[in-house]
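One letter stands for each residue in the lines below.
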Amino acid sequence: MTRTIAFPKLFTPFRAGRLDLANRLVMLPHGTSMVKDGVPTDDDLAYYGARAEGVGLVITGAMVAHEQAVVRQRNRVEAFNPLTLPALRRRTTLVKSMGAKIVGQLNHVGRETLGSASDFPPVSASALRGPRDPYPPHALDEEEILALIAGFAKASANLQAAGYD
């Protein structure tokens, strides 16, 4: 009996941009909330390690790119914070040991509070209230926009220093 493979290229190597992937399986970004004080915990690392096995690419989810986007629970990885680098390095080492590449999703929720409490007001390019939030955001000025851009650059450099692809 001959079996037909529905997706013959699924488990074959693939080049995505500058990344050579072992296959075409991707773990999509999502948060674990297994983070303490902005730093991934051992449970978070185990979670990513278990899911990296057999996939070509892991995309880690919603890491905070600027201190202004930190929530009081601090249950999101704070990529801008250099104190996260050792845990992020452990995460990349673990994921890569499973044969997968790893990239990170950097995030600032802007005008959205997403049900979280913060010590900073929501911000946006204008003071228009979002459909899910009760209060309008603070309209950013040029200096504040440049600070957010610098935050994203710093967070990106931290991910690169931690071994993200």
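First things first, this report covers the structure right here in the doc.

**Some words on the overall build of the chain**
(1) Moving on: Tallying secondary structure elements over the chain gives 3 helices and 9 strands in all.
(2) Moving on: Secondary structure elements of the chain occur, N-terminal to C-terminal, as β-β-β-β-β-α-β-α-β-β-β-α.
(3) Moving on: If you line up the chain on its principal axes, its C-alpha atoms span 65 × 35 × 25 Å.
(4) Moving on: The long-range share in the chain, meaning contacts at least 24 apart out of those at least 6 apart in sequence, stands at 62%.
(5) Moving on: Counting every atom, the chain has about 9,700 Å² of accessible surface; 58% of that belongs to carbon and sulfur.
(6) Moving on: Of note, the chain has its 19 positive side-chain charges centred 10 Å away from the centre of its 16 negative side-chain charges.

**Let's talk about the packing of helix 1 (residues 42-52) against helix 2 (residues 85-97)**
(1) Moving on: Viewed as axis vectors pointing N to C, helix 1 and helix 2 meet at an angle of 20 degrees, and their least axial separation amounts to 9 Å. Between helix 1 and helix 2, the angle is such that the two are roughly parallel. The handedness of the crossing between helix 1 and helix 2 comes out as right-handed. In this structure, helix 1 contributes D42, D44, L45, Y48, G49 and A52 to the contact, and helix 2 contributes A87, R90, R91, L94 and V95.
(2) Moving on: Residue classes in the contact of helix 1 with helix 2 are distributed as 6 nonpolar, 1 polar and 4 charged.

**Describing unusual backbone geometry**
(1) Moving on: Positive phi, normally seen in glycine, also occurs at D37, with a value near 55 degrees.
(2) Moving on: Here D37 shows up in the loop between strand 4 (35-36) and strand 5 (39-40).
(3) Moving on: Judged by its relative accessible area of 44%, D37 falls in the partly exposed class.
(4) Moving on: Backbone geometry at R74 places phi at a positive 50 degrees, although glycine is not the residue there.

**Section: the nonpolar core**
(1) Moving on: V58, M63, L88, V95, A100, L159 and Y164 are the most contacted members of the largest nonpolar core, which has 22 residues in total.
(2) Moving on: Within the residue set of this core, elements represented by two or more residues are helix 1, strand 6 (57-64), helix 2 and helix 3 (142-161).
(3) Moving on: Top element by residues in this core is strand 6. It accounts for 3 residues.
(4) Moving on: Excluding residues that lie within four positions of it along the chain, V58 makes contacts with M27, Y48, A52, V95, A100, K101, I102 and V103.

**Focus on the packing of aromatic side chains**
(1) Moving on: Considering all chains together, one arrives at 1 aromatic pair under this definition.
(2) Moving on: Both rings, one in Y47 and one in Y48, keep their centres 5.7 Å apart while their planes meet at 85 degrees; by these two values the pair is edge-to-face.
(3) Moving on: Positioned above the aromatic ring of Y47, the side-chain terminus of R51 is 3.6 Å from the ring centre.

**Some details on helix 2**
(1) Moving on: Between its first and last C-alpha, helix 2 extends 18 Å over 13 residues, near the 18 Å set by a 1.5 Å rise per residue.
(2) Moving on: Looking only at helix 2, the buried set comprises A87, L88, R91, T92 and V95. Around the axis of helix 2, the buried residues are gathered within 135 degrees of arc, so they sit on the same side. Turned more than 90 degrees away from the buried face of helix 2 sit P86 and S97, all of them exposed.
(3) Moving on: Check the buried side of helix 2 and you find it contacts strand 5, helix 1, strand 6, strand 7 (101-107) and helix 3.
(4) Moving on: Following helix 2 by one or two positions, G99 has its phi on the positive side, about 90 degrees.

Rules of the game
- Residues numbered from 1 in each chain as written.
- Predicted model: local features only at pLDDT ≥ 70, side-chain atom pairs only at ≥ 80, totals over all residues.
- Heavy atoms only, no water.
- Helix = DSSP H or I, 4+ residues; strand = E, 2+ residues; numbered from the N terminus.
- Contact = heavy atoms within 4.5 Å.
- Areas by Shrake-Rupley, 256 points an atom, 1.4 Å probe, with all protein chains shown as cover.
- Lys, Arg positive; Asp, Glu negative; His and termini not counted.
- Charge placed at Lys NZ, Arg CZ, Asp CG, Glu CD.
- Axes fitted to C-alpha atoms, helices over the stretch in contact; angles between N-to-C directions.
- Parallel < 35°, antiparallel > 145°, perpendicular 65-115°, else oblique.
- Left-handed = near helix turned anticlockwise from the far one by under 90°.
- Nonpolar A, V, L, I, M, F, W, Y, C, P; charged D, E, K, R; others polar.
- Buried < 20%, exposed > 50% of the residue type's maximum accessible area, 1.4 Å probe, protein only.
- Core = buried A, V, L, I, M, F, W, Y, C linked by side-chain atoms within 4.5 Å.
- Phe/Tyr/Trp six-rings, centres within 6.5 Å; stacked < 30°, edge-to-face > 60°.
- Lys NZ or Arg CZ within 6 Å of the ring centre and 35° of its normal.
- Expected span 1.5 Å × (residues − 1).
- Arc of directions from axis to C-beta.

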